[in-house]
Amino acid sequence: MKSNEIIKVVPARYPLRIVGAGVALLILAIVVQSVAFNPRWEWGVFARWFFDPVILEGLGQTLLLTLLGTVLSVIFGGVLALSRLSSSWLLSSLAWAYIWLFRSLPLIVVLIVLYNFSYLYDTLSLGIPFTGIEWVSYQTINVLGQFSTAVVGLTLVQSAYTAEIIRGGFLGVDHGQYEAASALGLPAWRRTLRIILPQALRTILPSGFNEIISLAKGTAMVYVLAMPELFYTIQMIYNRTQEVIPLLMVGAVWYLVITSFLSAIQYLVERALAKSERRSAVNSNRSRVVTPASPATAPEAAHAQLS
């Protein structure tokens, strides 16, 4: 081949990829056309109800249930996870039994049982078992109302799943990190919070946010309590107006907004963690660089040690 010959570079062609993209665009256009131009979807009704104060009030209840369920399930699930990892066979067994029970029961069953708890127990009291000593006592029907039953039911079920996610995150940390943390002589709680937990978060966060999104959608189950959250509110409206499809679309779009917002938060948190990991890796590499001693000072140091 001559040295002055020009080599022509031809880009690779993927005809099947182009065909697949064309088919996907065609299907998307068909779906958009059928949804946007079908008058039976009643988009005018959708627009009228989307920002209605009644709908927004139900949305607020859904968001509040999601927030409280998330916070309480993370706290209680963290305690359960640490109990499962405990060296005490009693704590580990009790935590395992709790997780097994509430992962086996459907949420709707737990909510109905809790709502009828006053039929089983007239009062809820705290005292010493098998004695007549009671410190506090409340009427069950006054404690477990609609909202409190929903929060307790969501927390009981969700904490079982959260506990397993947190436990999996801790088990994913290399055992050498536990040994290094113990060698520092720190208390157990400080080792867990300052050394082990930050490393476990890389495993916990993706599955944890997935459970939060599932919890946000699972709040629709509290409709069995006749609590006016988003889905129950929509049901009440379309039972009265018979405008079923557009009102269901109102709920679907609001759930899409909630889950998209949570997904965006997940992306930002994971991105921040990735940046902090890169910074810590760079700092650790810099700290390993040892500056060699100059030839002039090395003999003096040796002479000083010998004398």
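Quick caveat: nothing in here was measured; it's all calculated off a predicted structure. (Residues numbered from 1 in each chain as written. Predicted model: local features only at pLDDT ≥ 70, side-chain atom pairs only at ≥ 80, totals over all residues. Heavy atoms only, no water.)

(A) Inspection of the pairing of strand β2 (residues 134–139) at higher detail. The buried fraction of β2 is low, at zero of six residues. With five bridges connecting them, strand β1 (residues 123–127) and β2 associate as antiparallel partners. If you follow Leu126 over to β2, its bridge partner there is Val136. Counted along the chain from β1 to the antiparallel partner β2, the turn is six residues long, and its residue Phe130 has a positive phi close to 65°. (Buried < 20%, exposed > 50% of the residue type's maximum accessible area, 1.4 Å probe, protein only. Helix = DSSP H or I, 4+ residues; strand = E, 2+ residues; numbered from the N terminus. Pairing = 2+ DSSP bridges.)

(B) Structural detail: the nonpolar core. Grouped together as the largest cluster of nonpolar side chains are 21 residues, with contacts concentrated most on Leu65, Tyr98, Phe102, Ala150, Leu154 and Val222. Mapped by element, the contributors of at least two residues to this core are α3 (53–84), α4 (89–104), α5 (107–115) and α8 (146–171). Ranked by residues supplied to this core, first place goes to α8 with seven residues. Ignoring anything within four residues of it in the chain, the contact list for Tyr98 reads Phe76, Leu80, Thr155, Leu156, Ser159 and Ala160. (Core = buried A, V, L, I, M, F, W, Y, C linked by side-chain atoms within 4.5 Å. Contact = heavy atoms within 4.5 Å.)

(C) Quick look at the confidence of the model for the protein. A residue-level look at the protein finds 88% of positions with pLDDT of 70 or above and a mean pLDDT of 85. Note on residues 293–307: pLDDT under 50 across the span, and zero contacts to partners over four residues away in sequence or across chains. (pLDDT = per-residue confidence, 0-100.)

(D) Structural view of a nonpolar patch on the surface. Taken together, the side chains of Trp96, Trp100, Leu101, Leu105, Val109, Val113, Tyr119, Leu120 and Tyr121 present a nonpolar region at the surface, about 970 Å² in accessible area. Among the elements that make up the nonpolar patch, the one with the highest residue count is α4 (three residues). The residue Leu120 is located in helix α6 (residues 117–120) in this model. (Patch = residues over 30% accessible without salt bridge, like charges linked within 9 Å, V, L, I, M, F, W, Y side chains within 5 Å. Areas by Shrake-Rupley, 256 points an atom, 1.4 Å probe, with all protein chains shown as cover. Salt bridge = Lys/Arg side-chain N within 4 Å of Asp/Glu carboxyl O.)

(E) Structural context of helix α11 (residues 230–241). An ideal rise of 1.5 Å per residue puts 16 Å on twelve residues; α11 measures up with 17 Å between its terminal C-alpha atoms. The set of residues buried in α11 consists of Leu230, Tyr232, Thr233, Ile234, Gln235, Ile237 and Tyr238. For α11, the N-terminal cap is Glu229; the gap from its side-chain oxygen to the backbone nitrogen of Phe231 is 3.0 Å. Positive phi appears at Gln242, one or two residues downstream of α11, with a value of about 65°. (Expected span 1.5 Å × (residues − 1). Polar contact = N/O pair within 3.5 Å; in protein donor to acceptor, adjacent residues only side chain to side chain.)

(F) Region of the structure containing the side chain of Glu243. In this fold, Glu243 is placed in the loop between α11 and α12 (244–287). Using a relative accessible area of 16% as the deciding quantity, one classes Glu243 as buried. Here Trp49 takes part through its side chain, which lies 3.4 Å from a polar atom of the side chain of Glu243. Those residues in contact with Glu243 that sit more than four places away from it in its chain are Val45, Arg48, Trp49 and Tyr238.

(G) Up close: the packing of aromatic side chains. Enumeration over the complete set of coordinates arrives at eleven aromatic pairs. Considering the side-chain rings of Phe50 and Trp254, the 4.5 Å spacing of their centres and the 0° angle between planes classify their relative orientation as stacked. Of this pair, Phe50 sits in helix α2 (residues 43–50) while Trp254 is found in helix α12, placing the two residues 204 residues apart along the sequence. For Trp254, a relative accessible area of 10% puts it in the buried group. Ring plane angle 90° and centroid distance 6.0 Å describe the contact between Phe51 and Trp254, whose orientation is recorded as edge-to-face. Of this pair, Phe51 sits in the loop between α2 and α3 while Trp254 sits in helix α12, and the two are 203 residues apart along the sequence. Through pairs of rings, three or more aromatic residues link up here, namely Trp41, Trp43, Phe46, Phe50, Phe51 and Trp254. Directly above the ring of Tyr14 sits Arg17, whose terminal nitrogen or CZ lies 4.2 Å from the centroid. (Phe/Tyr/Trp six-rings, centres within 6.5 Å; stacked < 30°, edge-to-face > 60°. Lys NZ or Arg CZ within 6 Å of the ring centre and 35° of its normal.)

(H) Inspection of α5 at higher detail. Of all the positions in α5, only Leu107, Val110, Leu111 and Leu114 are classed as buried. In a view along the axis of α5, the buried residues occupy a sector of 100°, so they form one face of it. Against α4, α6, α8 and α10 (188–218) lie the buried residues of α5. (Arc of directions from axis to C-beta.)

(I) Structural view of unusual backbone geometry. Residue Ala226 is not a glycine yet carries a positive backbone phi of 60°. Inspection of the secondary structure assignment puts Ala226 in the loop between α10 and α11. Unusually for a residue other than glycine, Gln242 sits at a positive phi of about 65°. Examined against the element boundaries, Gln242 turns out to sit in the loop between α11 and α12.

(J) Representation of the packing of α3 against α4 in the model. The interhelical angle for the contact between α3 and α4, taken along N-to-C directions, is 130°, at an axis separation of 7 Å. Between α3 and α4, the interaxial angle falls into the category oblique. Handedness of the α3/α4 crossing: left-handed. Across from Phe76, Leu80, Ser83 and Arg84 in α3, the residues of α4 making contact are Leu91, Ser92, Ala95, Trp96, Tyr98 and Ile99. (Axes fitted to C-alpha atoms, helices over the stretch in contact; angles between N-to-C directions. Parallel < 35°, antiparallel > 145°, perpendicular 65-115°, else oblique. Left-handed = near helix turned anticlockwise from the far one by under 90°.)

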